[in-house]
Amino acid sequence: MTAQRFARSVSILGATGSIGASTAAVIAEARATGQADIVVEAVTGGSNVGALVDQAAALGARFAAIADPALAGDLKDACAARGLSIETGAGPAALIEAGARPAEWVMSAIVGAAALDPTLAAVRRGVAVALANKECLVCAGDLVLAEASKSGARLLPVDSEHNAIFQCLQGQTRVETLTLTASGGPFRTWSLDRMAAATPDQACAHPKWSMGRKISVDSATLMNKGLELIEAGRLFGLPEHRIDVVVHPQSIIHSLVTFEDGSVLAQLSEPDMRVPIAYALAWPDRLGLSTRRLDLAALAQLTFERPDMERFPALALAREAFRMGGAAPAVLNAANEVAVDAFLNRQISFLDVAGVVSEALERAGGLDLISKSPSSFDEVAAIDAWGRAEARRAADRRRAA
Ligand code: NDP
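Residues numbered from 1 in each chain as written. Predicted model: local features only at pLDDT ≥ 70, side-chain atom pairs only at ≥ 80, totals over all residues. Heavy atoms only, no water.

K.L.:
Can you explain the overall build of the chain? Please cite residues and give values.
P.N.:
On a plain count of helices and strands, the chain comes out with 17 helices and eleven strands. At 21 Å, the chain has a C-alpha radius of gyration in line with the 21 Å of a compact globule built from 401 residues. For the chain, the C-alpha atoms occupy an extent of roughly 55 × 50 × 40 Å along the three principal directions. Each of the 401 residues in the chain was classed as buried or not, and the buried ones make up 57%. Within the chain, contacts between residues at least 6 apart in sequence are counted, and of these 70% link residues at least 24 apart. (Helix = DSSP H or I, 4+ residues; strand = E, 2+ residues; numbered from the N terminus. Rg over C-alpha atoms; globule rule 2.2 N^0.38 Å. Buried < 20%, exposed > 50% of the residue type's maximum accessible area, 1.4 Å probe, protein only. Contact = heavy atoms within 4.5 Å.)

See the structure below:
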């Protein structure tokens with residue numbers, strides 16, 4: 001079946017990051033091969049002005065926004081120096097404007113809970129929102145889903161596991177369980193002693209995926225799989241006990257769905273984020289892509305292991321937060337963002353990351369802060385701020401010890 005050439009206007013929130021670069025590559029290929037007419041409305045970055053201007057120029061974006069308000073002048077000057085006459089903005093309002101501008105498809109790829117407001121601006125317009133960012137659904141899932149159902153926005157999962165499940169679910173009913181695959185990260189075979197001395201660069205040297213530093217550390221602790229577990233629960237409406245995790249070091253099977261008749265469907269491909277991004281961009285169709293094809297005979301073996309909860313307690317913490325519900329996932333996410341940052345800045349050790357998150361969750365439980373789900377985005381912001389402050393205190397105590 002030949003696919004129809006299609007037209008889309010798109011915006012990329014987090015255009016300067018790893019997912020932003022892969023999204024730009026998919027758009028470039030779709031344009032170059034004549035599969036799609038794509039107009040780029042807006043691109044955003046955090047603080048990297050040079051990379052943002054490069055992306056805006058390469059994609060022909062109409063608007064570029066940088067998160068750091070102090071960089072407003074630098075962004076204008078850099079655009080002028082490149083001969084780019086586009087609109088620019090800086091600071092939180094400019095990021096929200098990027099999400100609010102009239103694109104039919106918005107990639108949400110800002111890292112962390114910082115993505116929430118710009119993503120919501122897109123969700124509230126009722127358009128297609130490709131969700132690479134997972135932290136938004138973890139900290140404010142019910143509220144984001146309610147906004148999407150109010151506006152008619154279509155959330156298209158881009159995380160490779162959720163995209164795999166989404167592909168397997170097309171036209172299906174009677175789902176029994178989901179199985180998320182995990183590569184196991186760079187420390188899959190390391191002893192606890194070795195992990196205790198791991199450096200940020202070692203934690204970011206992922207064996208299969210090249211990603212931003214925060215998600216790379218999350219992959220090394222397996223918190224990434226924990227966040228994905230909560231994300232999957234929110235996206236596909238299943239409770240914690242119906243979502244399994246299996247370590248699959250080759251990262252070829254991206255996730256699986258078991259149905260009530262015992263059938264299992266899985267999605268396989270080489271580990272390359274362009275695949276799920278292209279699926280989300282062309283959905284419900286597909287794009288032709290020049291990605292490497294699977295050679296199963298050359299691979300010879302696909303292997304599977306149970307995750308080691310002793311060396312990777314972050315996964316158990318995320319499961320617990322998901323089971324507890326209420327505001328626990330928001331506390332987990334906020335504390336994890338702070339702990340990962342402290343580890344990347346060499347303030348705490350690798351094993352301290354899960355320790356800090358655990359302390360913040362315990363304290364929130366003790367104060368009964370987490371029994372009730374946040375009922376507004378202001379409440380999410382308050383819980384997020386509380387979780388961050390608590391995690392900073394826990395990290396400082398560990399640093400001092
Ligand atoms: P990167 O760190 O590579 O990129 C993050 C992007 O967010 C950059 O554009 C960065 O700008 C911007 N940014 C950083 N801080 C802020 C802020 N405070 N406000 C606004 N923008 C900010 O991350 P990834 O691309 O790897 O990941 C992005 C999201 O996608 C994450 O939520 C991650 O979990 C998810 N994801 C990523 C995958 C991957 O393969 N990389 C796979 C699946 C999910 P600047 O460059 O200027 O710092």
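K.L.:
Describe the layout of surface pockets, listing the residues and the values that go with them.
P.N.:
As a volume, the second largest pocket reaches approximately 250 Å³. Residue lining of the second largest pocket: 15 residues in total, with Ser-269, Val-275, Leu-289, Thr-291 and Arg-293 positioned closest to the centre. Contributing elements (two or more residues each) for the lining of the second largest pocket: β11 (264-268) and α12 (274-282). For the lining of the second largest pocket, the element with the most residues is α12, which contributes three residues. Partitioning the lining of the second largest pocket into residue classes produces seven nonpolar, four polar and four charged. (1 Å grid on protein atoms, 1.4 Å probe; cavity = no way out; pocket = protein on both sides within 12 Å on 5 of 7 lines; lining within 4 Å. Points joined across faces, edges and corners; volume = space filled by probe spheres on them. Nonpolar A, V, L, I, M, F, W, Y, C, P; charged D, E, K, R; others polar.)

K.L.:
Residues and numbers for the nonpolar core, please.
P.N.:
One recurring pattern in soluble globular proteins: nonpolar side chains tend to sit buried together. The biggest cluster of nonpolar side chains holds 134 residues, and the ones touching the most others in it are Val-43, Trp-105, Met-107, Leu-178, Phe-187, Leu-281 and Leu-332. The leading source of residues in this core is helix α15 (residues 328-344), at ten residues. (Core = buried A, V, L, I, M, F, W, Y, C linked by side-chain atoms within 4.5 Å.)

K.L.:
Break down the packing of helix α14 (residues 313-324) against helix α16 (residues 350-366) for me, with residues and values.
P.N.:
Across the interface, α14 lies against α16 with an axial gap of 9 Å and an inter-helix angle of 25 degrees. It follows that α14 is roughly parallel to α16 by the angle criterion. Note on packing geometry: the crossing formed by α14 with α16 is left-handed. Contacts between α14 and α16 involve Pro-313, Ala-314, Leu-317 and Ala-321 from the first element and Ala-354, Val-357, Ser-358 and Leu-361 from the second. Here the residues of the contact of α14 with α16 sort into seven nonpolar, one polar and no charged. (Axes fitted to C-alpha atoms, helices over the stretch in contact; angles between N-to-C directions. Parallel < 35°, antiparallel > 145°, perpendicular 65-115°, else oblique. Left-handed = near helix turned anticlockwise from the far one by under 90°.)

K.L.:
How would you sum up the sheet that holds strand β7 (residues 154-157)? Please name residues and give values.
P.N.:
Reading across the sheet, the seven strands line up as β4-β3-β2-β1-β5-β6-β7 and stay open at both edges, with parallel pairing between neighbours. Two strands lie at the open edges of the sheet, namely β4 (87-90) and β7, each paired on one side alone. When the angles between neighbouring strand axes are averaged without regard to direction, this sheet yields 20 degrees. Running over the sheet, helix α3 (residues 72-81) touches β3 (63-66) and β4 and is turned about 160 degrees from β4. Against the sheet, α12 makes contact with β1 (6-13), β2 (36-45), β5 (105-108), β6 (128-131) and β7, and its axis sits at roughly 125 degrees relative to β1, the strand it touches most. (Pairing = 2+ DSSP bridges.)

K.L.:
Describe the environment of Leu-256, with residues and values.
P.N.:
Mapped onto the elements of the fold, Leu-256 is located in strand β10 (residues 253-259). On the basis of relative accessible area, Leu-256 is assigned to the buried category, the value being 17%. Residues Leu-256 and Ala-266, ten residues apart in the sequence, show an inter-C-alpha distance of 4.3 Å.

K.L.:
Before we move on, can you summarise the side chain of Arg-101 with the specific residues and values?
P.N.:
Assignment of secondary structure puts Arg-101 in the loop between α4 (92-100) and β5. Judged by relative accessible area, Arg-101 falls into the buried class, the value being 12%. A polar side-chain atom of Arg-101 sits 3.0 Å from a polar atom in the side chain of Glu-41. Residue contacts for Arg-101: discarding those within four places in its chain leaves Glu-41, Ala-42, Arg-62, Phe-63, Glu-87 and Arg-125. (Polar contact = N/O pair within 3.5 Å; in protein donor to acceptor, adjacent residues only side chain to side chain.)

K.L.:
Would you mind going over empty space enclosed by the protein in detail, with residue names and values included?
P.N.:
Here the structure, examined in full by the defined rule, presents one cavity of 30 Å³ or more. For the largest cavity, the calculated volume is near 30 Å³. Class assignment of the residues belonging to the lining of the largest cavity gives a composition of three nonpolar, four polar and one charged.

K.L.:
Tell me about the sheet that holds β11, residues and numbers included.
P.N.:
The strand order across the open sheet built from four strands is β9-β8-β10-β11, with neighbouring strands paired in mixed fashion. Edge positions in the sheet fall to β9 (243-247) and β11, since each has one partner strand and no second. This sheet shows a mean twist of 20 degrees between the axes of neighbouring strands, independent of strand direction. Note that β10 and β11 share five bridges and pair antiparallel. Within the sheet, the bridge partner assigned to Leu-256 lies in β11 and is Ala-266.

K.L.:
I'd like to hear about the packing of helix α2 (residues 49-59) against α3, residue by residue, with values.
P.N.:
α3 packs onto α2 with a crossing angle of 45 degrees between their chain directions and a minimal axis gap of 10 Å. One element, α2, and the other, α3, form an angle in the oblique class. Seen from above, α2 lies across α3 with right-handed handedness. Residues Val-49, Leu-52 and Val-53 of α2 form the contact with α3, whose own contacting residues are Asp-74, Leu-75, Ala-78 and Cys-79. Of the residues in the contact of α2 with α3, the class split is six nonpolar, no polar and one charged.

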